[in-house]
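Coordinate analysis (summary)
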Amino acid sequence: MSNIVTEFNEYRSKMNDKILADNNKVIKRIFNLDTNAFAEGTLDKKTKELLGLVASMVLRCDDCVKYHLEACHKEGLTKEQVVESLSIANLVGGTIVIPHMRRAYEYWDALEEAQG
């Protein structure tokens, strides 16, 4: 995997393990709720991940954007589908979202490079 993808996933995994090791009931429930919210339901996983991506862009959370980009990639979404969603995020979020879009493009390219 590309370095930025590997670094992000290793750090996220390490810190999630550390956080969950404290055995805080509220934190564990939030993590569980997040996992279950993106499971297949009335909306398919692809749609939910695109919704998560747009919300993350508008909220300007780069870690969340990376997480949802990777989930979109694993779900088999195309770059065109992701870019169309990013365009909606920019429309809703305004020009302040553009720097996050740049990093999103960089991360998507790294995901595609890692795939080969």
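A brief look at the structure comes next. Please read these numbers as outputs of a predicted model, since none were measured by experiment. (Residues numbered from 1 in each chain as written. Predicted model: local features only at pLDDT ≥ 70, side-chain atom pairs only at ≥ 80, totals over all residues. Heavy atoms only, no water.)

A cluster of nonpolar side chains, namely Ile88, Leu91 and Val92, defines an oily patch on the protein surface of about 320 Å² accessible area. Among the structural elements, Leu91 can be located in helix 5 (residues 79-93). What makes Leu91 exposed here is its relative accessible area of 69%. (Patch = residues over 30% accessible without salt bridge, like charges linked within 9 Å, V, L, I, M, F, W, Y side chains within 5 Å. Areas by Shrake-Rupley, 256 points an atom, 1.4 Å probe, with all protein chains shown as cover. Salt bridge = Lys/Arg side-chain N within 4 Å of Asp/Glu carboxyl O. Helix = DSSP H or I, 4+ residues; strand = E, 2+ residues; numbered from the N terminus. Buried < 20%, exposed > 50% of the residue type's maximum accessible area, 1.4 Å probe, protein only.)

Take Phe38: it is sitting in the loop between helix 2 (25-37) and helix 3 (45-59). Its relative accessible area of 17% is what places Phe38 among the buried residues. Residues Phe38 and Gly52, 14 residues apart in the sequence, show an inter-C-alpha distance of 8.6 Å. Not counting residues within four places of it along the chain, the set of residues in contact with Phe38 comprises Lys45, Lys48, Glu49, Gly52 and His68. (Contact = heavy atoms within 4.5 Å.)

Right, let's get into the packing of aromatic side chains. Inspection of the entire model under this criterion finds 1 aromatic pair. Consider the rings of Phe8 and Tyr107, whose centres lie 5.9 Å apart with planes at 80°: the pair is edge-to-face. Note that Phe8 is positioned in helix 1 (residues 3-21) and Tyr107 in helix 6 (residues 98-115), a separation of 99 residues in sequence. Look at Tyr107 and you get buried, because its relative accessible area is 1%. (Phe/Tyr/Trp six-rings, centres within 6.5 Å; stacked < 30°, edge-to-face > 60°.)

Quick look at the environment of Asn9 now. By the element assignment, Asn9 lies in helix 1. With a relative accessible area of 24%, Asn9 lands in the partly exposed category. Once the C-alpha coordinates of Asn9 and Asp63 are considered, the two residues, 54 residues apart in sequence, prove to be 10 Å apart.

Pairing of side chains with opposite charge becomes possible as their charged atoms draw close. In total, this model carries 4 salt bridges according to the counting rule given. A salt bridge links Arg103 to Asp62; its shortest N-O distance comes to 2.7 Å. With Arg103 in helix 6 and Asp62 in helix 4 (residues 62-74), the pair connects residues that are 41 residues apart, well separated along the chain.

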